[in-house]
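# Architecture at a glance
The residues making up each chain are set out below.
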Amino acid sequence: MAKRDFYEVLGVERGASDADLKKAYRRLAMKYHPDRNPGDKAAEDKFKEANEAYEILSDASKRAAYDQYGHAGVDPQMGGGAGAGFGGASFSDIFGDVFSDFFGGGGGGRGGRGGPQRGADLRYTLDLDLEDAVRGTTVTIRVPTLVGCKTCSGSGAKPGTSPVTCTTCGGIGQVRMQQGFFSVQQTCPRCHGSGKMISDPCGTCHGQGRVEEQKTLSVKVPAGVDTGDRIRLTGEGEAGAHGGPAGDLYVVVNVREHDIFQRDGKHLYCEVPISFADAALGGELEVPTLDGRVKLKIPEGTQTGKLFRLRGKGVAPVRGGGAGDLMCRVVVETPVNLDKRQRELLEEFRSSLQGDTSHSPRASGWFEGMKRFFDDL
Ligand SMILES: [Zn+2]
Ligand SMILES: [Zn+2]
(Lines give C-alpha, C1' and ligand atoms only; values in the text may rest on other atoms or scores of the structure.)
(Ligands and ions follow the chains in the order given, each with its own letter.)
Protein backbone atom coordinates (compact mmCIF):
# COMPACT_ATOMS: atom_id res chain seq x y z
CA MET A 1 0.00 0.00 0.00
CA ALA A 2 1.54 3.27 -1.14
CA LYS A 3 1.49 5.72 1.68
CA ARG A 4 0.10 9.21 1.22
CA ASP A 5 2.14 12.18 2.20
CA PHE A 6 1.66 12.84 5.92
CA TYR A 7 1.04 16.55 5.40
CA GLU A 8 -1.53 15.71 2.80
CA VAL A 9 -3.18 13.26 5.18
CA LEU A 10 -3.60 15.96 7.79
CA GLY A 11 -4.43 18.59 5.19
CA VAL A 12 -1.77 21.07 6.30
CA GLU A 13 1.15 22.94 4.67
CA ARG A 14 4.65 21.56 5.02
CA GLY A 15 5.59 24.43 7.29
CA ALA A 16 2.57 24.02 9.55
CA SER A 17 3.05 24.87 13.21
CA ASP A 18 2.64 22.27 15.96
CA ALA A 19 -0.64 23.90 16.96
CA ASP A 20 -1.97 23.63 13.42
CA LEU A 21 -0.91 20.00 13.21
CA LYS A 22 -2.67 19.24 16.45
CA LYS A 23 -5.79 21.05 15.35
CA ALA A 24 -5.87 19.25 12.02
CA TYR A 25 -5.25 15.88 13.65
CA ARG A 26 -7.89 16.46 16.28
CA ARG A 27 -10.48 17.32 13.66
CA LEU A 28 -9.75 14.12 11.74
CA ALA A 29 -9.57 11.97 14.85
CA MET A 30 -12.95 13.26 15.98
CA LYS A 31 -14.43 12.59 12.57
CA TYR A 32 -13.03 9.09 12.05
CA HIS A 33 -12.85 7.81 15.61
CA PRO A 34 -13.98 4.13 15.69
CA ASP A 35 -16.40 4.86 18.50
CA ARG A 36 -18.20 7.22 16.20
CA ASN A 37 -18.02 5.01 13.15
CA PRO A 38 -18.63 1.48 14.40
CA GLY A 39 -17.99 -1.12 11.72
CA ASP A 40 -16.83 1.43 9.15
CA LYS A 41 -13.60 0.05 7.71
CA ALA A 42 -12.86 3.13 5.58
CA ALA A 43 -13.20 5.41 8.59
CA GLU A 44 -10.97 3.13 10.61
CA ASP A 45 -8.29 3.30 7.92
CA LYS A 46 -8.50 7.09 7.81
CA PHE A 47 -8.25 7.15 11.58
CA LYS A 48 -5.12 5.02 11.54
CA GLU A 49 -3.64 7.04 8.71
CA ALA A 50 -4.19 10.30 10.60
CA ASN A 51 -2.73 8.78 13.77
CA GLU A 52 0.39 7.70 11.98
CA ALA A 53 0.85 11.04 10.30
CA TYR A 54 0.42 12.91 13.53
CA GLU A 55 2.65 10.58 15.47
CA ILE A 56 5.49 11.36 13.12
CA LEU A 57 4.90 15.05 12.49
CA SER A 58 4.30 15.93 16.14
CA ASP A 59 7.73 14.57 17.04
CA ALA A 60 10.39 17.10 16.04
CA SER A 61 13.14 14.59 15.28
CA LYS A 62 10.81 12.21 13.40
CA ARG A 63 9.38 15.13 11.49
CA ALA A 64 12.88 16.22 10.49
CA ALA A 65 13.68 12.68 9.34
CA TYR A 66 10.44 12.53 7.40
CA ASP A 67 11.03 15.92 5.80
CA GLN A 68 14.47 14.76 4.67
CA TYR A 69 13.90 11.14 3.71
CA GLY A 70 10.15 10.77 3.32
CA HIS A 71 8.43 7.60 4.49
CA ALA A 72 11.65 5.67 4.31
CA GLY A 73 13.02 7.84 7.08
CA VAL A 74 10.33 6.93 9.57
CA ASP A 75 8.73 3.69 8.37
CA PRO A 76 7.47 1.81 11.42
CA GLN A 77 7.92 -1.52 9.55
CA MET A 78 11.63 -0.89 9.70
CA GLY A 79 11.42 -0.22 13.40
CA GLY A 80 9.57 -3.48 13.96
CA GLY A 81 6.32 -1.89 15.05
CA ALA A 82 2.93 -3.51 14.88
CA GLY A 83 2.25 -1.71 11.64
CA ALA A 84 -0.39 0.55 10.23
CA GLY A 85 0.38 3.37 12.53
CA PHE A 86 -0.44 1.59 15.75
CA GLY A 87 3.15 0.61 16.29
CA GLY A 88 4.46 3.23 18.58
CA ALA A 89 3.93 3.06 22.29
CA SER A 90 3.72 6.81 22.07
CA PHE A 91 0.33 6.53 20.48
CA SER A 92 -1.59 6.62 23.71
CA ASP A 93 0.37 9.64 24.81
CA ILE A 94 -0.63 11.50 21.72
CA PHE A 95 -4.14 10.40 22.20
CA GLY A 96 -4.30 11.36 25.83
CA ASP A 97 -2.78 14.72 25.13
CA VAL A 98 -5.00 15.64 22.24
CA PHE A 99 -8.19 14.33 23.73
CA SER A 100 -7.64 15.38 27.27
CA ASP A 101 -9.63 18.59 27.05
CA PHE A 102 -12.81 16.83 26.17
CA PHE A 103 -12.31 13.40 27.72
CA GLY A 104 -11.15 14.63 31.07
CA GLY A 105 -14.06 15.81 33.16
CA GLY A 106 -12.84 18.85 34.96
CA GLY A 107 -15.86 18.71 37.20
CA GLY A 108 -18.04 20.38 34.65
CA GLY A 109 -17.61 23.71 33.08
CA ARG A 110 -14.96 25.20 30.93
CA GLY A 111 -11.86 26.84 32.18
CA GLY A 112 -9.50 23.92 31.87
CA ARG A 113 -8.50 20.93 33.87
CA GLY A 114 -8.88 21.19 37.57
CA GLY A 115 -9.57 24.87 37.29
CA PRO A 116 -12.45 26.79 38.73
CA GLN A 117 -15.72 24.93 39.09
CA ARG A 118 -19.15 26.45 38.77
CA GLY A 119 -21.18 26.38 41.97
CA ALA A 120 -24.23 24.14 42.26
CA ASP A 121 -27.68 25.36 41.29
CA LEU A 122 -30.14 25.59 44.15
CA ARG A 123 -33.86 25.00 44.27
CA TYR A 124 -36.20 26.81 46.60
CA THR A 125 -39.91 26.05 46.87
CA LEU A 126 -41.95 29.19 47.31
CA ASP A 127 -45.46 28.73 48.70
CA LEU A 128 -47.79 31.47 47.54
CA ASP A 129 -51.41 32.35 48.16
CA LEU A 130 -53.55 32.34 45.05
CA GLU A 131 -54.09 36.09 45.25
CA ASP A 132 -50.33 36.75 45.24
CA ALA A 133 -49.75 34.30 42.41
CA VAL A 134 -52.42 35.98 40.31
CA ARG A 135 -51.43 39.57 41.02
CA GLY A 136 -47.69 39.17 41.41
CA THR A 137 -45.73 40.09 44.50
CA THR A 138 -42.29 40.58 45.93
CA VAL A 139 -41.21 38.20 48.66
CA THR A 140 -38.15 37.95 50.85
CA ILE A 141 -36.70 34.48 51.18
CA ARG A 142 -33.87 33.04 53.21
CA VAL A 143 -31.82 30.38 51.48
CA PRO A 144 -29.09 28.28 53.06
CA THR A 145 -26.21 28.36 50.58
CA LEU A 146 -22.46 28.38 50.19
CA VAL A 147 -20.80 31.75 49.71
CA GLY A 148 -17.19 32.64 49.09
CA CYS A 149 -15.18 32.81 52.34
CA LYS A 150 -14.39 36.43 53.17
CA THR A 151 -11.45 35.61 55.45
CA CYS A 152 -9.38 33.99 52.69
CA SER A 153 -11.18 35.51 49.69
CA GLY A 154 -12.14 32.01 48.60
CA SER A 155 -8.60 30.63 48.33
CA GLY A 156 -9.00 28.31 51.33
CA ALA A 157 -5.51 29.21 52.56
CA LYS A 158 -4.84 31.01 55.81
CA PRO A 159 -4.44 34.76 55.18
CA GLY A 160 -0.80 35.49 54.46
CA THR A 161 -0.18 32.02 53.03
CA SER A 162 -1.09 30.68 49.64
CA PRO A 163 -1.93 27.26 48.27
CA VAL A 164 0.98 25.26 46.89
CA THR A 165 1.10 23.15 43.76
CA CYS A 166 -0.29 19.64 44.23
CA THR A 167 2.50 17.10 44.32
CA THR A 168 0.38 14.24 43.01
CA CYS A 169 -0.65 15.82 39.72
CA GLY A 170 1.94 18.55 39.49
CA GLY A 171 -0.73 21.21 39.44
CA ILE A 172 -2.60 19.85 36.43
CA GLY A 173 -5.55 18.69 38.50
CA GLN A 174 -5.77 15.50 36.47
CA VAL A 175 -3.96 12.22 36.59
CA ARG A 176 -3.61 9.91 33.62
CA MET A 177 -4.73 6.32 34.01
CA GLN A 178 -3.88 3.66 31.49
CA GLN A 179 -7.00 1.67 30.66
CA GLY A 180 -6.04 -0.88 28.05
CA PHE A 181 -5.49 0.88 24.82
CA PHE A 182 -6.52 4.33 25.97
CA SER A 183 -5.09 6.59 28.52
CA VAL A 184 -7.87 8.22 30.45
CA GLN A 185 -7.68 11.43 32.40
CA GLN A 186 -9.12 11.45 35.87
CA THR A 187 -9.55 14.15 38.44
CA CYS A 188 -6.63 14.13 40.83
CA PRO A 189 -7.74 12.38 44.04
CA ARG A 190 -5.46 14.49 46.20
CA CYS A 191 -6.42 18.03 45.18
CA HIS A 192 -9.81 17.14 43.67
CA GLY A 193 -8.88 18.84 40.46
CA SER A 194 -7.78 22.19 41.82
CA GLY A 195 -4.09 21.51 41.18
CA LYS A 196 -3.37 23.13 44.51
CA MET A 197 -2.85 21.88 48.02
CA ILE A 198 -3.42 23.93 51.11
CA SER A 199 -0.82 23.35 53.77
CA ASP A 200 -2.14 26.01 56.12
CA PRO A 201 -5.92 26.06 55.82
CA CYS A 202 -8.07 29.12 56.52
CA GLY A 203 -9.64 28.84 59.97
CA THR A 204 -13.00 30.19 58.88
CA CYS A 205 -13.75 27.82 55.99
CA HIS A 206 -11.31 25.01 56.95
CA GLY A 207 -9.72 25.21 53.54
CA GLN A 208 -12.94 24.92 51.57
CA GLY A 209 -12.89 28.51 50.33
CA ARG A 210 -16.64 28.59 50.86
CA VAL A 211 -18.80 28.84 53.97
CA GLU A 212 -22.45 28.05 54.64
CA GLU A 213 -24.59 31.08 55.03
CA GLN A 214 -28.25 32.02 55.15
CA LYS A 215 -28.71 34.35 52.24
CA THR A 216 -31.62 36.77 52.29
CA LEU A 217 -32.99 37.51 48.86
CA SER A 218 -35.82 39.54 47.46
CA VAL A 219 -37.73 37.69 44.75
CA LYS A 220 -40.00 39.47 42.30
CA VAL A 221 -42.84 37.15 41.42
CA PRO A 222 -44.56 38.13 38.16
CA ALA A 223 -48.35 38.17 37.99
CA GLY A 224 -50.03 34.98 36.77
CA VAL A 225 -47.53 32.38 37.94
CA ASP A 226 -48.79 28.90 38.68
CA THR A 227 -47.60 25.85 40.56
CA GLY A 228 -44.45 24.46 38.95
CA ASP A 229 -43.31 27.73 37.38
CA ARG A 230 -39.65 28.49 37.99
CA ILE A 231 -38.06 31.86 38.54
CA ARG A 232 -34.31 31.85 37.91
CA LEU A 233 -32.04 34.10 39.93
CA THR A 234 -28.80 34.06 38.01
CA GLY A 235 -25.69 33.74 40.15
CA GLU A 236 -27.60 33.31 43.40
CA GLY A 237 -26.81 29.61 43.75
CA GLU A 238 -23.79 28.21 45.56
CA ALA A 239 -20.49 29.98 45.18
CA GLY A 240 -18.10 28.27 42.76
CA ALA A 241 -15.07 26.34 43.95
CA HIS A 242 -11.57 27.71 43.33
CA GLY A 243 -12.92 31.03 42.12
CA GLY A 244 -15.45 29.56 39.69
CA PRO A 245 -18.72 31.32 38.92
CA ALA A 246 -21.71 30.85 41.22
CA GLY A 247 -24.62 28.59 40.25
CA ASP A 248 -28.18 29.80 39.83
CA LEU A 249 -31.08 29.72 42.24
CA TYR A 250 -34.36 28.36 40.95
CA VAL A 251 -37.40 29.49 42.86
CA VAL A 252 -40.16 26.98 42.19
CA VAL A 253 -43.68 28.27 42.72
CA ASN A 254 -46.26 26.30 44.66
CA VAL A 255 -49.68 27.91 44.88
CA ARG A 256 -51.58 27.03 48.05
CA GLU A 257 -55.11 25.70 48.04
CA HIS A 258 -57.67 28.49 48.25
CA ASP A 259 -60.79 28.43 50.43
CA ILE A 260 -63.08 29.53 47.63
CA PHE A 261 -61.39 29.16 44.27
CA GLN A 262 -59.92 26.19 42.49
CA ARG A 263 -57.55 27.06 39.68
CA ASP A 264 -57.15 25.19 36.43
CA GLY A 265 -54.60 27.06 34.32
CA LYS A 266 -56.10 30.44 33.55
CA HIS A 267 -59.62 29.54 34.67
CA LEU A 268 -60.97 29.71 38.19
CA TYR A 269 -63.82 27.64 39.57
CA CYS A 270 -65.98 28.27 42.62
CA GLU A 271 -69.16 26.90 44.13
CA VAL A 272 -71.95 29.28 45.08
CA PRO A 273 -74.72 27.99 47.34
CA ILE A 274 -78.16 29.36 46.46
CA SER A 275 -81.43 29.02 48.27
CA PHE A 276 -84.11 26.74 47.00
CA ALA A 277 -86.38 29.80 46.60
CA ASP A 278 -83.79 31.79 44.59
CA ALA A 279 -83.21 28.80 42.35
CA ALA A 280 -86.94 28.47 41.69
CA LEU A 281 -87.86 32.13 41.40
CA GLY A 282 -84.64 33.51 39.98
CA GLY A 283 -82.71 36.31 41.58
CA GLU A 284 -79.49 38.18 41.89
CA LEU A 285 -76.54 36.70 43.72
CA GLU A 286 -73.32 38.18 44.97
CA VAL A 287 -70.42 36.03 43.90
CA PRO A 288 -66.76 36.44 44.87
CA THR A 289 -64.02 37.22 42.36
CA LEU A 290 -60.37 37.98 43.00
CA ASP A 291 -61.20 41.65 42.40
CA GLY A 292 -64.09 41.72 44.86
CA ARG A 293 -67.75 40.80 44.66
CA VAL A 294 -69.85 41.00 41.53
CA LYS A 295 -73.55 40.50 40.93
CA LEU A 296 -74.72 37.44 39.08
CA LYS A 297 -78.27 37.11 37.71
CA ILE A 298 -79.82 33.70 38.20
CA PRO A 299 -82.76 32.92 35.92
CA GLU A 300 -85.84 31.27 37.35
CA GLY A 301 -85.83 27.50 37.36
CA THR A 302 -82.03 27.24 37.80
CA GLN A 303 -81.01 23.68 38.58
CA THR A 304 -78.29 22.72 41.03
CA GLY A 305 -74.88 22.22 39.39
CA LYS A 306 -75.47 24.83 36.69
CA LEU A 307 -72.27 26.65 35.66
CA PHE A 308 -72.25 30.38 35.13
CA ARG A 309 -69.29 31.83 33.29
CA LEU A 310 -67.90 35.23 34.23
CA ARG A 311 -65.68 36.17 31.32
CA GLY A 312 -62.27 37.61 32.08
CA LYS A 313 -62.59 37.09 35.83
CA GLY A 314 -60.02 34.30 35.85
CA VAL A 315 -56.24 34.63 35.72
CA ALA A 316 -54.08 36.48 33.19
CA PRO A 317 -51.34 33.89 32.50
CA VAL A 318 -47.73 34.90 33.17
CA ARG A 319 -46.74 33.98 29.60
CA GLY A 320 -49.24 36.40 28.15
CA GLY A 321 -52.62 35.99 26.51
CA GLY A 322 -55.98 37.12 27.76
CA ALA A 323 -57.33 36.43 31.20
CA GLY A 324 -59.35 33.28 31.73
CA ASP A 325 -62.86 33.02 33.10
CA LEU A 326 -64.43 32.45 36.47
CA MET A 327 -66.84 29.55 36.49
CA CYS A 328 -69.47 29.66 39.23
CA ARG A 329 -71.27 26.44 39.93
CA VAL A 330 -74.50 26.99 41.80
CA VAL A 331 -75.50 24.46 44.40
CA VAL A 332 -79.08 24.54 45.61
CA GLU A 333 -79.16 24.31 49.34
CA THR A 334 -81.87 22.48 51.26
CA PRO A 335 -83.26 24.75 53.98
CA VAL A 336 -82.80 23.54 57.57
CA ASN A 337 -84.09 24.58 61.04
CA LEU A 338 -87.51 25.53 59.74
CA ASP A 339 -89.98 27.13 62.11
CA LYS A 340 -93.65 26.21 62.26
CA ARG A 341 -94.81 28.79 59.76
CA GLN A 342 -92.12 27.80 57.24
CA ARG A 343 -93.04 24.13 57.57
CA GLU A 344 -96.69 24.94 56.89
CA LEU A 345 -95.78 26.89 53.80
CA LEU A 346 -93.66 24.07 52.46
CA GLU A 347 -96.28 21.45 53.22
CA GLU A 348 -98.84 23.54 51.43
CA PHE A 349 -96.41 23.92 48.56
CA ARG A 350 -95.81 20.17 48.46
CA SER A 351 -99.51 19.33 48.26
CA SER A 352 -99.89 21.88 45.47
CA LEU A 353 -97.44 19.80 43.41
CA GLN A 354 -99.20 16.49 44.08
CA GLY A 355 -99.58 14.43 40.92
CA ASP A 356 -98.11 17.14 38.67
CA THR A 357 -94.71 16.26 37.20
CA SER A 358 -94.47 19.34 34.98
CA HIS A 359 -92.61 21.21 37.75
CA SER A 360 -89.92 18.56 38.08
CA PRO A 361 -88.06 18.16 34.78
CA ARG A 362 -85.34 16.00 36.26
CA ALA A 363 -87.50 13.79 38.40
CA SER A 364 -89.93 13.02 35.59
CA GLY A 365 -87.06 12.07 33.27
CA TRP A 366 -85.49 10.02 36.03
CA PHE A 367 -88.71 8.11 36.84
CA GLU A 368 -89.22 7.29 33.18
CA GLY A 369 -85.68 5.98 32.92
CA MET A 370 -86.18 3.84 36.00
CA LYS A 371 -89.40 2.43 34.62
CA ARG A 372 -87.67 1.47 31.35
CA PHE A 373 -84.83 -0.11 33.29
CA PHE A 374 -87.15 -2.39 35.32
CA ASP A 375 -89.31 -3.23 32.29
CA ASP A 376 -86.21 -4.40 30.45
CA LEU A 377 -85.22 -6.79 33.21
ZN1 LIG B 1 -3.54 17.11 42.36
ZN1 LIG C 1 -11.54 30.76 54.16
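Residues numbered from 1 in each chain as written. Chains lettered and ligands numbered in written order. Predicted model: local features only at pLDDT ≥ 70, side-chain atom pairs only at ≥ 80, totals over all residues. Heavy atoms only, no water.

### Some thoughts on the overall build of the chain
Within the chain, the regular secondary structure consists of 10 helices and 15 strands. Burial statistics for the chain: of 377 residues in total, 34% are counted as buried. A separation of at least 24 residues holds for 63% of the contacts in the chain among residues at least 6 apart in sequence. Summed over all atoms, the accessible surface of the chain reaches about 22,900 Å², with 50% contributed by carbon and sulfur. (Helix = DSSP H or I, 4+ residues; strand = E, 2+ residues; numbered from the N terminus. Buried < 20%, exposed > 50% of the residue type's maximum accessible area, 1.4 Å probe, protein only. Contact = heavy atoms within 4.5 Å. Areas by Shrake-Rupley, 256 points an atom, 1.4 Å probe, with all protein chains shown as cover.)

### Some details on the UniProt feature "repeat: CXXCXGXG motif" (unreviewed entry) in the chain
Cross-referencing UniProt, the feature "repeat: CXXCXGXG motif" (unreviewed entry) maps to residues 149-156, 166-173, 188-195 and 202-209 in the present numbering. Each end of residues 149-156 is marked by a C-alpha atom, and these two atoms are 8 Å apart; helix forms 0% of the span and strand 0%. As annotated, residues 188-195 has a helix share of 0% and a strand share of 0%, and its two end C-alpha atoms lie 8 Å apart. (UniProt positions renumbered as here; feature names shortened; annotations may be inferred.)

### Details of the coordination of the zinc ion (ligand 1)
Listed as protein donors to the zinc ion (ligand 1) are Cys-166 (SG), Cys-169 (SG), Cys-188 (SG) and Cys-191 (SG); their distances from the metal cover 2.2 to 2.3 Å. Geometry at the zinc ion (ligand 1) is tetrahedral, judged from the four donor atoms that bind it and their angles of 102 to 115 degrees at the metal. Mapping the donors of the zinc ion (ligand 1) onto the primary sequence yields the spacing C-x2-C-x18-C-x2-C. With Cys-166 in the loop between strand S3 (164-165) and strand S4 (174-179) and Cys-191 in the loop between strand S5 (182-187) and strand S6 (196-197), this pair connects stretches of sequence that are 25 residues apart. Assessed through its relative accessible area of 6%, Cys-191 is described here as buried. (Donors = N, O, S within 2.8 Å, 3.2 Å for Na, K, Ca; no water. Tetrahedral: all angles 85-135°; square planar, octahedral: opposite > 155°, others 65-115°.)

### What about the pairing of strand S8 (residues 230-233)?
Side chains Ile-231 and Leu-233 project from S8 onto a buried face, and the interleaved Arg-230 and Arg-232 project onto a face without burial. As paired strands, S8 and strand S9 (residues 249-255) are joined by four bridges and run antiparallel to one another. Bridge pairing in S9 places Leu-233 opposite Leu-249. (Pairing = 2+ DSSP bridges.)

### Points about the packing of helix H3 (residues 41-57) against helix H4 (residues 60-69)
Orientation of H3 relative to H4, taken along the N-to-C sense of each, is 105 degrees, at an axis distance of 6 Å. Considered as vectors, H3 and H4 are oriented roughly perpendicular to each other. Of the residues in H4, those in contact with Glu-55, Ile-56 and Leu-57 of H3 are Lys-62, Arg-63 and Tyr-66. Looking at side-chain class alone, the contact of H3 with H4 contains three nonpolar, no polar and three charged residues. (Axes fitted to C-alpha atoms, helices over the stretch in contact; angles between N-to-C directions. Parallel < 35°, antiparallel > 145°, perpendicular 65-115°, else oblique. Nonpolar A, V, L, I, M, F, W, Y, C, P; charged D, E, K, R; others polar.)

### Some points on helix H9 (residues 340-353)
Along its 14 residues, H9 runs 20 Å from first to last C-alpha, staying within 8% of the 20 Å computed at 1.5 Å per residue. The opening residue of H9, the one whose side-chain oxygen lies 3.3 Å from the backbone nitrogen of Arg-341, is Asp-339. After H9 finishes, the residue Gly-355 shows a positive phi value of roughly 75 degrees. (Expected span 1.5 Å × (residues − 1). Polar contact = N/O pair within 3.5 Å; in protein donor to acceptor, adjacent residues only side chain to side chain.)

### Points about the packing of helix H2 (residues 18-32) against H3
It is the contact of H2 with H3, at a shortest axis distance of 9 Å, that shows an interaxial angle of 160 degrees. Comparing their axes, H3 and H2 come out roughly antiparallel. Crossing handedness for the pair H2 and H3: left-handed. Contacts from Leu-21, Lys-22, Tyr-25, Leu-28, Ala-29 and Tyr-32 in H2 reach Ala-43, Lys-46, Phe-47, Ala-50, Asn-51, Tyr-54 and Leu-57 in H3. For the contact of H2 with H3, the residue count by class is 10 nonpolar, one polar and two charged. (Left-handed = near helix turned anticlockwise from the far one by under 90°.)

### As for the sheet that holds strand S10 (residues 262-264)
On the basis of which strands lie adjacent, the open sheet formed by four strands has the order S10-S11-S15-S14 and mixed pairing. Looking at the sheet topology across the chains shown, the edges are occupied by S10 and strand S14 (307-310). This sheet shows a mean twist of 30 degrees between the axes of neighbouring strands, independent of strand direction.

### Brief notes about the coordination of the zinc ion (ligand 2)
Note on metal sites: the ideal angle is 109.5 degrees for four tetrahedral donors, and 90 or 180 degrees for six octahedral donors. Distances from the zinc ion (ligand 2) to its protein donors, Cys-149 (SG), Cys-152 (SG), Cys-202 (SG) and Cys-205 (SG), fall at 2.2 to 2.3 Å. Taken together, the four donor atoms surrounding the zinc ion (ligand 2) define angles of 104 to 114 degrees at the centre, an arrangement classified as tetrahedral. Each donor residue of the zinc ion (ligand 2) lies on the same chain, and together they follow the pattern C-x2-C-x49-C-x2-C. Residue Cys-152 is found in the loop between strand S2 (137-148) and S3, and its partner Cys-202 is found in the loop between S6 and strand S7 (210-221); the two are separated by 50 residues along the sequence. Residue classification places Cys-152 among the buried positions, given a relative accessible area of 8%.

### Focus: a nonpolar patch on the surface
Together, Trp-366, Phe-367, Met-370, Phe-373 and Phe-374 line one region of the surface with nonpolar side chains, adding up to about 580 Å² of accessible area. As for its placement among the helices and strands, Phe-367 is situated in helix H10 (residues 361-376). (Patch = residues over 30% accessible without salt bridge, like charges linked within 9 Å, V, L, I, M, F, W, Y side chains within 5 Å. Salt bridge = Lys/Arg side-chain N within 4 Å of Asp/Glu carboxyl O.)

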